[in-house]
Amino acid sequence: MPLPSHFRFISAVMSGSRIMESQIPFLESKNEADHGDVDDNGSPGGWRSASFMLVGGSLERFVYFGLESNLISYLTGPIGESLATAAANVNTWTGVASLVPVLGAYLADSFVGRYRSIIVSSILYTLGLGFLSLSATLINSPTYHDMTKKSGPDTGIKVFFFVSLYLVALAQGYKPCIQAFGADQFDGRYPGQSRAKSSFFNWWLCCLCMGSTTSHLILHYIQDNINWTIGFGIPCLAMILGLIAFLLGRGTYIFPAKIGNKETNRLLKDALPAADDYSIDNSVISTKAKEPRNVLRVLPVWITCLTYTIAYAQSSTLFLKQATTLDKSIGPSFDIPAATLKTFIPITIVLCIPIYDRIFIPIARRFTGNPTGITTLQRIGAGMAISVINMVVAALVEMRRLKTAQDCGLVDIPNATLPMSFWWLVPQYILFGLTDVFNQVGMQEFFYDQVPTELRSVGLSFYYGAMGIGNFLSSFLVSIIDKATSQGDRESWFLDNLNHAHIDYFYWLLAGIGVQIQIIYHASNGESAYVVGV
């Protein structure tokens, strides 16, 4: 994708381009970054600067999914845990890793700064992965295997492994900080930069999917078929490369202005009535004191988005469980792993993002006049609608699977492979990929734009927090429904034998909840989408 000229950007700024009223956020901040033409260090920002963040984000997703997606195999294999214990540990670690970005973003915006937070998180990431590689070397040693056979797994090595694992979880503050810092390189006050910033969120997701797809296709094979030391070592090297790439771009970055620096005070003096320094500082303090309360105004949108995250959680659980019962053969002698089906999500995103960014947005812009084609709230609503459709499709496919099991007399044979191709499940993953194109990018851009400049990392962390809460809520719903439907002589919806279970009922339930939330969402946010232009 061609990068926009920095000279054209500088020229546009110097010519006094008008600020679009449609870009004014819900929550105003008196502490905007100074994006005039260049910052105090002569850094131009724009795509040249943002490209370093795209590289770093792609490498980080390669690293994260190389660990998260295959973690249960390592726990049940070399670590020697039972399936139930391993599943509980994976869910706990994933939940922690999904919620840490909220804390990391708050620390970055309030104390450390995004730039320093990215560096610190990268170092923590690298240390955790290095320690994981070292623990894998110790676990693979003949001495460890001899100890395991005699007295069970060595407690000290397991503790070292889990400390290393949670060190990686603590590094997840990296995600919202580097994404917010990348978006900071564009000035949303100017039409051209506003379009570029919206495009950045699209390409951010595309690059992340490239990293995760590469991880699914290459890194998991190395871990399963070569050894885990290399399987953890390669992500460690990738994280080091990401940190180096980020530091190489240091001279091109735009840094948001901070409370108390000279440039911020100059901007405040220009904007406020004449006053002494003491009164200006009090105004800043007053604004800062109100920000936590103002951020609460975006929570209704965040809450309604939880229905999307709950549905999305099924892609890693029930969808995969369904896939294990189907015919997964490609050709006469090759069967794909059930987990590989999840690759269709990032593949769909990689294919659809360019179409959305280069075709859909220009066409929509002609009708709406909005620089981003449609507003972020409309984009989120479209993603939620696709998510509801996906649950309906999932329910219909599951009904077909149950009928196939019944027609073939395989209902009482839980481990039997049904004469039904895995391709029946592929549309569900494609629809989730399409949902992400609208909902994931829309949520991230919305929360970034609608919080004050000083809290934009926190705003982006709302998305990651929603994904974590969605996983917890999904587990809670499954647990409650399992107990409720298994009372007396009734069979649970979630029996181990899927041929007797009724997860199609669960999909219909999620679809029904999604429809109701969709109505509430449009009723409560429809006017906002047109009044403030988001």
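Residues numbered from 1 in each chain as written. Predicted model: local features only at pLDDT ≥ 70, side-chain atom pairs only at ≥ 80, totals over all residues. Heavy atoms only, no water.

### What to know about the overall build of the protein chain
When its secondary structure is counted, the protein chain shows 20 helices and zero strands. Looking at the 534 residues of the protein chain, the share that counts as buried comes to 53%. Sequence-distant contacts, at least 24 apart, represent 83% of the contacts inside the protein chain between residues at least 6 apart. As displayed, the protein chain offers around 23,600 Å² of accessible surface, 65% of which is attributable to carbon and sulfur atoms. (Helix = DSSP H or I, 4+ residues; strand = E, 2+ residues; numbered from the N terminus. Buried < 20%, exposed > 50% of the residue type's maximum accessible area, 1.4 Å probe, protein only. Contact = heavy atoms within 4.5 Å. Areas by Shrake-Rupley, 256 points an atom, 1.4 Å probe, with all protein chains shown as cover.)

### A short note on the packing of aromatic side chains
Any pair of aromatic rings gets described here by the distance separating the centres and the angle formed by the planes. In total, this model carries 40 aromatic pairs according to the counting rule given. When the ring of Tyr125 is compared with that of Tyr174, the centres are 6.4 Å apart and the planes differ by 90°; the resulting orientation is edge-to-face. Taken together, the positions of Tyr125 in helix 5 (residues 114-139) and Tyr174 in helix 8 (residues 174-183) put the pair 49 residues apart, joining distant regions of the chain. Across the pair, Tyr174 and Tyr125 agree in class, each one buried. Taken together, a centroid distance of 6.0 Å and an interplanar angle of 50° make the contact between Tyr308 and Tyr312 tilted. Placement of both Tyr308 and Tyr312 in helix 14 (residues 306-312) is noted, with a separation of four residues, approximately one turn of the helix. The pair formed by Tyr308 and Tyr312 is uniform in burial state, with each residue classed as buried. (Phe/Tyr/Trp six-rings, centres within 6.5 Å; stacked < 30°, edge-to-face > 60°.)

### Re a nonpolar patch on the surface
Taken together, the side chains of Leu103, Tyr106, Leu107, Phe111 and Val112 present a nonpolar region at the surface, about 490 Å² in accessible area. When you line up the elements, Leu107 lands in helix 4 (residues 83-112). (Patch = residues over 30% accessible without salt bridge, like charges linked within 9 Å, V, L, I, M, F, W, Y side chains within 5 Å. Salt bridge = Lys/Arg side-chain N within 4 Å of Asp/Glu carboxyl O.)

### A look at the packing of helix 2 (residues 46-68) against helix 5
Angle between the axes and distance between the axes are the two parameters that describe a pair of packed helices. The interhelical angle for the contact between helix 2 and helix 5, taken along N-to-C directions, is 35°, at an axis separation of 13 Å. Here helix 2 runs over helix 5; the crossing is left-handed. Packed against helix 2, whose contacting residues are Glu60, Val63, Tyr64 and Leu67, the element helix 5 presents Tyr125, Leu129 and Leu132 at the interface. Among the residues forming the contact of helix 2 with helix 5, the class breakdown is six nonpolar, no polar and one charged. (Axes fitted to C-alpha atoms, helices over the stretch in contact; angles between N-to-C directions. Left-handed = near helix turned anticlockwise from the far one by under 90°. Nonpolar A, V, L, I, M, F, W, Y, C, P; charged D, E, K, R; others polar.)

### Looking at the environment of Trp204
Here Trp204 lies in helix 9 (residues 191-225). Along the backbone, Trp204 and Val55 are 149 residues apart, and their C-alpha atoms lie at a distance of 9.2 Å. Discounting residues that sit within four places of it in the chain, Trp204 has contacts with Met53, Leu54, Gly57, Lys175, Ile178, Gln179, Gln444 and Tyr464.

### Brief notes about the side chain of Lys342
If you trace the backbone, Lys342 turns up in the loop between helix 15 (318-323) and helix 16 (344-368). There is no salt bridge for the buried Lys342, and the closest opposite charge comes from Glu68, which lies 5.2 Å off by N-O distance. (Lys, Arg positive; Asp, Glu negative; His and termini not counted.)

### Side note on the confidence of the model for the protein chain
Mean pLDDT over the protein chain stands at 77; residues scoring 70 or higher make up 78%. This model gives residues 259-290 a pLDDT under 50, and the stretch forms 22 contacts once residues within four places in sequence are excluded. Every residue in residues 527-533 is under pLDDT 50, and counting partners more than four places away or in other chains gives 17 contacts. (pLDDT = per-residue confidence, 0-100.)

### Focus: the side chain of Asn202
Note on placement: Asn202 falls in helix 9. With near-sequence residues (within four places) excluded, Asn202 lies in contact with Ile353, Tyr356, Asp357, Ile361, Arg379 and Val441.

### A look at the nonpolar core
What tends to happen in soluble globular proteins is that the nonpolar side chains get buried as a cluster. Counting residues in hydrophobic clusters, the biggest one holds 131 residues, and the most contacted among them are Phe161, Phe200 and Tyr507. For Phe161, the contacting residues outside a window of four places in its chain are Leu71, Tyr74, Leu75, Ile79, Leu132 and Ser135. (Core = buried A, V, L, I, M, F, W, Y, C linked by side-chain atoms within 4.5 Å.)

### Some words on the environment of Ser98
Among the structural elements, Ser98 can be located in helix 4. The class for Ser98 is buried, based on a relative accessible area of 11%. In this structure, the C-alpha to C-alpha distance between Ser98 and Leu170, residues 72 residues apart in sequence, is 9.9 Å. Residue contacts for Ser98: discarding those within four places in its chain leaves Tyr464, Gly465 and Gly468.

### Describing the pattern of salt bridges
Applying the stated criterion across every chain, the model contains six salt bridges. With its nearest N and O atoms 3.8 Å apart, the salt bridge here joins Arg358 to Asp357. The salt bridge involving Asp407 is made with Lys403; its shortest N-O contact spans 2.9 Å. A residue pair is termed a helical-turn pair when its members lie 3 or 4 positions apart in one helix, as Asp407 and Lys403 do in helix 17 (residues 376-407) at four residues. Given a relative accessible area of 55%, Asp407 falls into the exposed group. Via salt bridges that share partners, Asp109, Arg114 and Asp184 belong to a single interconnected network.

### Regarding the packing of helix 2 against helix 8
Interhelical geometry of helix 2 versus helix 8 gives an angle of 160° and a closest axis separation of 9 Å. In terms of orientation, helix 2 lies roughly antiparallel with respect to helix 8. In the crossing of helix 2 with helix 8, the sense of the turn from one axis to the other is left-handed. Contacts between helix 2 and helix 8 involve Ala50, Met53, Gly56, Gly57, Glu60 and Arg61 from the former and Tyr174, Lys175, Ile178, Phe181 and Gly182 from the latter. Residue composition of the contact of helix 2 with helix 8, by class: five nonpolar, three polar and three charged. (Parallel < 35°, antiparallel > 145°, perpendicular 65-115°, else oblique.)

### A word on helix 8
Within helix 8, 10 of the 10 residues are buried, which leaves it mostly tucked inside the rest of the structure. Buried within helix 8 we find Tyr174, Lys175, Pro176, Cys177, Ile178, Gln179, Ala180, Phe181, Gly182 and Ala183.

### Focus: the state of the cysteines
The full count for this structure, using the stated rule, is zero disulfides. Counting only cysteine sulfurs, Cys207 is the nearest neighbor of Cys206, a cysteine outside any disulfide, at a range of 5.8 Å. (Disulfide = S-S within 2.5 Å.)

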